[in-house]
Amino acid sequence: MSLTLDDNKTASLVFGQYDQNLARIERRLNVALNANGNHVAIKGPAEAAGHARRVLQILWDRARAGQPATMGDVDGAIQECALQGNLFPKETQSPRSTFEQIATRKKGSVRARTAAQDLYIRELRRFELVFAAGPAGTGKTWLAVGHAVSLLEQGVVERLILSRPAVEAGERLGFLPGDMREKVDPYLRPIYDALQDFMDPRMVERGMQTGMIEVAPLAFMRGRTLTNACVLLDEAQNATSMQMKMFLTRLGEGSRMIVTGDPSQTDLPPGQKSGLSEAIGLLARLEGVGHVTFTDEDVVRHDLVRRIVGAYEAAGRREREKVAPRSPADKDWSP
């Protein structure tokens, strides 16, 4: 099978530096790709070769539209092609050919890379309250911030409120110098980073000065009614049950709320229940509430991160199996 791309310059973007994108497709799909100028020869089983050809076509279409073709985009295109024809068959009569995307002025169109991310974007558009739980590197916070910025730019909401519990990750930092903003900056830095991916830094600073963008620790939410705002609570696994109830009841008229976290990485004191796990158990099935669960298969940060998360989850499963109580039926009654 072969594919000829019209423009050599754009083809080089699709192939990647030193053909690294082609090498990744070869490893993931077990095919052989030989590039000569703007022509690619594909060798392998018919189904795998057809899959590789569709992946290259997707990357080509994106490159012509000015979108990047990074290693992560290659993985996303591979998953997108693999799921074409059977994406959420219970929800649509006809198969969807592409994943959902978020569009912002600075970033342009950002397309989901996995089925879980695709579902996440659709849940964010559909529900006023969405829970997203799963391991690090799955794009929970990043996509939530992108969706919040798009709502702000479209005029659906008037301001963004981004929050996190101010909990140290196992180390006592003591008293931090500076004013309130300088004290909480270390805890909220990941949200700043995601925000600046979708907005010009000058617009972020101006928005924070005018109150259009507010970044505050969870403890500062008590007593407020948040109207016409998109409210994001990140690292929610570090919120206590009382804090989570307090936060969720801040939701006001015309607002959207997104709660993200990784239940396996809580920094709460031993024996203290995570408010995120409790809230998902209580509210996930309520009308008007969306819930998305990510797994290690949805990690898009780095291949090694995916393997690390998978190893920890496998170890956790083995540990749970060891301590799981045996039922009376399992008891050996023989003398």
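Whatever comes next refers back to the structure up there.
Residues numbered from 1 in each chain as written. Predicted model: local features only at pLDDT ≥ 70, side-chain atom pairs only at ≥ 80, totals over all residues. Heavy atoms only, no water.

1. Focus: the sheet that holds strand β6 (residues 129-133)
Remark on secondary structure: sheet strands pair via backbone hydrogen bonds, oriented parallel or antiparallel.
Working step 1: Pairing is parallel in the open sheet, where 6 strands are placed in the order β8-β7-β9-β10-β6-β11. Since the sheet does not close on itself, it has two edges, and those belong to β8 (213-217) and β11 (289-293), each with one partner. On average, each strand axis in the sheet is inclined to that of its neighbour by 15°, with strand direction left out of account.
Working step 2: With 5 bridges connecting them, strand β7 (residues 159-164) and strand β9 (residues 229-233) associate as parallel partners. By the bridge assignment, I161 is partnered in β9 with V231.
Working step 3: Contacts from helix α9 (residues 241-248) reach β6, β9 and β10 (256-261), with the element oriented near 155° to β10. (Pairing = 2+ DSSP bridges. Helix = DSSP H or I, 4+ residues; strand = E, 2+ residues; numbered from the N terminus. Axes fitted to C-alpha atoms, helices over the stretch in contact; angles between N-to-C directions. Contact = heavy atoms within 4.5 Å.)

2. Quick notes on a positive patch on the surface
Working step 1: Together, R317, R318, R320 and K322 make up a region of like positive charge exposed at the surface.
Working step 2: Of note, R318 is situated in helix α11 (residues 303-323). (Patch = residues over 30% accessible without salt bridge, like charges linked within 9 Å, V, L, I, M, F, W, Y side chains within 5 Å. Areas by Shrake-Rupley, 256 points an atom, 1.4 Å probe, with all protein chains shown as cover. Salt bridge = Lys/Arg side-chain N within 4 Å of Asp/Glu carboxyl O. Lys, Arg positive; Asp, Glu negative; His and termini not counted. Charge placed at Lys NZ, Arg CZ, Asp CG, Glu CD.)

3. A look at the packing of helix α2 (residues 20-29) against helix α3 (residues 46-64)
Working step 1: Where α2 contacts α3, the axes come no closer than 11 Å and their chain directions differ by 145°. Seen from above, α2 lies across α3 with right-handed handedness. Along its contact with α2, which presents L22, I25 and L29, the element α3 presents A48, H51, A52, V55, L56 and L59.
Working step 2: Partitioning the contact of α2 with α3 into residue classes produces 8 nonpolar, 1 polar and no charged. (Left-handed = near helix turned anticlockwise from the far one by under 90°. Nonpolar A, V, L, I, M, F, W, Y, C, P; charged D, E, K, R; others polar.)

4. A closer look at the packing of aromatic side chains
Both the distance between ring centres and the angle between the ring planes are used here to describe each pair of aromatic rings.
Working step 1: The full count for this structure, using the stated rule, is 2 aromatic pairs.
Working step 2: Both rings, one in Y120 and one in F294, keep their centres 5.5 Å apart while their planes meet at 90°; by these two values the pair is edge-to-face. Of this pair, Y120 sits in helix α5 (residues 115-126) while F294 sits in the loop between β11 and α11; the two residues are 174 residues apart in sequence, bridging distant segments of the chain. As far as burial versus exposure is concerned, Y120 and F294 are alike and both buried.
Working step 3: Judged by centre distance (4.7 Å) and plane angle (45°), the ring pair of W142 and F198 falls under tilted. Of the two residues, W142 is situated in helix α6 (residues 140-154) and F198 in helix α7 (residues 180-198); the sequence distance between them amounts to 56 residues. (Phe/Tyr/Trp six-rings, centres within 6.5 Å; stacked < 30°, edge-to-face > 60°. Buried < 20%, exposed > 50% of the residue type's maximum accessible area, 1.4 Å probe, protein only.)

5. Observations concerning a nonpolar patch on the surface
Working step 1: Nonpolar side chains collect at one region of the surface, where L304, I308 and Y312 lie side by side and expose about 340 Å² of accessible area between them.
Working step 2: Inspection of the secondary structure assignment puts Y312 in helix α11.

6. Details of α5
Working step 1: Between its terminal C-alpha atoms α5 stretches 16 Å, which fits the 16 Å expected from 12 residues at 1.5 Å a residue.
Working step 2: Restricting attention to buried positions, one finds in α5 the residues A116, Q117, D118, Y120, I121, R122, E123 and L124.
Working step 3: Next to the buried residues of α5 lie β4 (101-104), β6, α6, β10 and β11. (Expected span 1.5 Å × (residues − 1).)

7. Considerations on the packing of α5 against α6
Working step 1: Running from amino to carboxyl end, α5 crosses α6 at an angle of 35°, the nearest separation of the two axes being 11 Å. Crossing geometry of α5 relative to α6 is assigned as right-handed. Contact with α5, carried on its side by Q117, Y120, L124 and R125, involves K140, L143, A144 and H147 of α6 and no other residues of that element.

8. Concerning α2
Working note: α-helix, 3.6 residues per turn, so residues spaced by three or four point in the same direction.
Working step 1: Every buried residue of α2 is listed here: N21, L22, R24, I25 and L29. Down the axis of α2, the sector holding all buried residues measures 160°, keeping them to one side. (Arc of directions from axis to C-beta.)

9. Focus: the pattern of salt bridges
Working step 1: All chains considered together, the criterion is met by 9 salt bridges.
Working step 2: As a salt-bridge pair, R202 and D200 come within 3.2 Å of each other at their nearest N and O atoms.
Working step 3: Residue classification places R202 among the exposed residues on the basis of a relative accessible area of 64%.
Working step 4: Accessibility expressed as a relative area gives 30% for D200, which makes it partly exposed.

10. Let's talk about the sheet that holds strand β1 (residues 2-4)
Working step 1: If you trace the 3 strands from one edge of the open sheet to the other, you get β1-β3-β2, paired in antiparallel fashion. Strands at the two margins of the open sheet, each flanked by one partner only, are β1 and β2 (32-36). Sheet twist, expressed as the average angle between the axes of neighbouring strands with direction ignored, equals 15°.
Working step 2: The pairing of β1 with strand β3 (residues 39-43) spans 3 bridges and is antiparallel.

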